[in-house]
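Geometric and topological summary
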Amino acid sequence: MTGNLWDRCLTCDYLCCAGYLSKSIFTTPQEKKNLPLINTKSPCAYLDGEGLCSVHPLRPFDCRLFPFDLIKEEGKFYWVIWDVKCRIVEEERSRFNDYLDEHETRLIPKIKQYLEEFNEWEDAEYKGKFKYEIIRELVIR
Ligand code: SF4
Ligand code: SF4
């Protein structure tokens, strides 16, 4: 795979980490322990003066997924994108499947046990506030 979908973040005006979304991040117990200031303020307490994540290697799984997300409908998990002005969503659609394959291979196996809890969090926080679009069903590898 060439390039990085998240290169877009370096020149993004919307900056999800600086807005409303930065106070609505799901954390596993370990992530919460590692990052006690998560969800405490907006912009995110871990956003540095240059608009970058100061805890990038430790950032929560929810941050790693963004702008992708997971919802459960009729017993199945689906990858979705929310309508939140993210440039990746607007400009990089042709590369989504490659990145979702990568998430399914590298990330999802590590947080499988939290999927149900994560989904309940996302439903409560976002459904009704933002429109979302289903991309495809999650494959748990
Ligand atoms: S809104 Fe999208 S492009 Fe902008 S910083 Fe967030 S993930 Fe990156
Ligand atoms: S932890 Fe890092 S990636 Fe997550 S919202 Fe905060 S600054 Fe952004």
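Everything numeric in this text was worked out from a predicted model, so none of it was measured. (Residues numbered from 1 in each chain as written. Chains lettered and ligands numbered in written order. Predicted model: local features only at pLDDT ≥ 70, side-chain atom pairs only at ≥ 80, totals over all residues. Heavy atoms only, no water.)

If you tally the helices and strands in the protein, you get 5 helices and 3 strands. For 141 residues, the compact-globule formula gives about 14 Å, and the C-alpha radius of gyration of the protein, at 14 Å, lands near that figure. In terms of principal-axis extent, the alpha carbons of the protein reach across some 40 × 35 × 30 Å. Per-residue burial over the protein gives 38% buried out of 141 residues. For the protein, restricting intrachain contacts to residue pairs at least 6 apart in sequence, the fraction spanning at least 24 positions comes to 70%. Taken as a whole, the protein presents about 8200 Å² of accessible surface, with 51% of it coming from carbon and sulfur. Both charge centroids of the protein, one from 21 positive and one from 25 negative side chains, sit 3 Å from each other. (Helix = DSSP H or I, 4+ residues; strand = E, 2+ residues; numbered from the N terminus. Rg over C-alpha atoms; globule rule 2.2 N^0.38 Å. Buried < 20%, exposed > 50% of the residue type's maximum accessible area, 1.4 Å probe, protein only. Contact = heavy atoms within 4.5 Å. Areas by Shrake-Rupley, 256 points an atom, 1.4 Å probe, with all protein chains shown as cover. Lys, Arg positive; Asp, Glu negative; His and termini not counted. Charge placed at Lys NZ, Arg CZ, Asp CG, Glu CD.)

Attention now goes to the site of ligand 2. Neighbouring residues of ligand 2: C17, I25, I38, C44, Y46, L47, C53, V55, P60 and C63. Classifying every residue of the shell around ligand 2 gives 10 nonpolar, no polar and no charged. (Near = heavy atom within 4 Å. Nonpolar A, V, L, I, M, F, W, Y, C, P; charged D, E, K, R; others polar.)

Here the focus is the packing of aromatic side chains. A full pass over the atoms with the stated rule returns 8 aromatic pairs. An aromatic cluster is present here, built from W6, F68, W79, F96 and Y99 joined pairwise through their rings. (Phe/Tyr/Trp six-rings, centres within 6.5 Å; stacked < 30°, edge-to-face > 60°.)

Turning to unusual backbone geometry, a few remarks are in order. With omega at 0°, the peptide bond leading from S42 into P43 counts as cis. Going from F66 to P67, the amide bond is cis rather than trans, its omega being 10°. Assignment of secondary structure puts P67 in the loop between α2 (61-65) and β1 (68-73). Despite not being glycine, E74 has its phi angle at roughly 50°, a positive value.

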